[in-house]
Amino acid sequence: MCTQTKAAALMANIPQADIDPSGVFKYVLIRVHSREEGDDSEVDIVRGYGWAEYHADIYDKVAEELERDGHLDCECIGGGRIKHDPQAKKVHVYGYSMGFGRANHAVTTEKLKVRYPDYEVTWDNEGY
């Protein structure tokens, strides 16, 4: 019989990508880990919002929410910017975070392609 940990069950329900519906904004790539003994499960998630002045603003808010019950731990593994154009059905990922460094934009675009399957999702390392 296979039993799933509480952390693994929680991670399975976390949306892999959540970004603002349009505009140009900062984003972070966050690795969510289990804190439970013997459970090495993890998932990478993308979060991007226009309200954030700094990449850390996004990370701090998301990590606080996810770590609240004590089952999960978060680590920011980089950041950048996203240009989301819903009329053209395009998302472009680029740049880097001064505080967290450049996220792996290839991982970010794969997460966004799942969230926006009918979009053209591209990335490059230009800009900041």
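Located above this text is the structure these notes cover.
Being a predicted model, the structure only gives us computed values, none of them experimental. Every residue gets a number counted from 1 within its own chain, in the order that chain's sequence is written. Side-chain atom pairs in this predicted model are given and counted only at pLDDT of 80 or more, local residue features only at pLDDT of at least 70, and totals for whole chains, interfaces and linings cover all residues. In computing side-chain values, all of the structure's heavy atoms are included and hydrogens and water are not.

### Side note on unusual backbone geometry
Its identity as a non-glycine residue notwithstanding, Lys89 has a phi of 55°, on the positive side. The helix count covers DSSP runs of H or I at least four residues long, the strand count covers runs of E at least two residues long, and both are numbered beginning at the N terminus. With respect to the helices and strands, the residue Lys89 is situated in the loop between β4 (72-85) and β5 (90-94).

### Notes on helix α2 (residues 55-67)
A helix is expected to reach a length of 1.5 Å times the quantity of its residues less one. Taking 1.5 Å as the rise per residue, α2 with 13 residues should run 18 Å; its terminal C-alpha atoms sit 18 Å apart, in good agreement. Buried within α2 we find His55, Ile58, Tyr59, Val62, Ala63 and Leu66. Down the axis of α2, the buried set is contained in an arc of 115°. They therefore lie on one face. Contacts made by the buried residues of α2 are with β2 (23-34), β3 (42-49) and β4. Exposure categories follow from relative accessible area, calculated using a 1.4 Å probe and restricted to protein chains: below 20% of the type maximum is buried, above 50% is exposed, and the middle band is partly exposed. Working definition: the arc comes from the directions between the helix axis and the C-beta atoms, pointing outward to the latter. Any two residues having at least one pair of non-hydrogen atoms within 4.5 Å are treated as being in contact.

### Digging into the packing of aromatic side chains
Aromatic rings from Phe, Tyr and Trp, with only the six-membered ring used for Trp, were paired whenever their centres fell within 6.5 Å, and each pair was classed as stacked if the ring planes differed by under 30 degrees, edge-to-face if by over 60, and tilted otherwise. Enumeration over the complete set of coordinates arrives at 3 aromatic pairs. Seen in terms of ring centroids, Tyr59 and Phe100 are 5.8 Å apart; in terms of plane orientation they differ by 65°. Their pairing is edge-to-face. Of this pair, Tyr59 sits in helix α2 while Phe100 sits in the loop between β5 and α3 (105-115), and the two are 41 residues apart along the sequence. By relative accessible area, which is 29% here, Phe100 ends up partly exposed. Pairing Tyr116 with Tyr119 gives two aromatic rings, centres 4.8 Å apart and planes at 45°, and the pair type is tilted.

### Quick look at the nonpolar core
For our purposes a nonpolar core is just a set of buried Ala, Val, Leu, Ile, Met, Phe, Trp, Tyr and Cys residues, chained together by side-chain atoms within 4.5 Å. Ile30, Val32, Ile45 and Leu66 are the most contacted members of the largest nonpolar core, which has 18 residues in total. Per-element tally for this core: the top contributor is α2, with 5 residues. With near-sequence residues (within four places) excluded, Ile45 lies in contact with Ile14, Pro15, Gln16, Val28, Leu29, Ile30, Val32, Val62 and Leu66. Judged by nonpolar contacts, the second largest core, of 14 residues, contains Tyr27, Ile82, Leu112 and Tyr119.

### Looking at the sheet that holds β2
Spatial ordering of the open sheet is given by β1-β3-β2-β4-β5-β6, a layout of 6 strands whose pairing is mixed. At either end of the open sheet lies a strand with only one pairing partner, and these are β1 (17-19) and β6 (120-123). Looking at each pair of strands side by side, their axes are set apart by 25° on average, direction ignored. Judged from the 8 bridges that link them, β2 and β3 form a sheet pairing that is antiparallel. Strands pair, by our definition, only if DSSP identifies at least two bridges between them. Whenever a helix is involved, its axis is fitted only over the stretch in contact; in every case the axis is a line through C-alpha atoms, and angles between N-to-C directions fall within 0 to 180 degrees.

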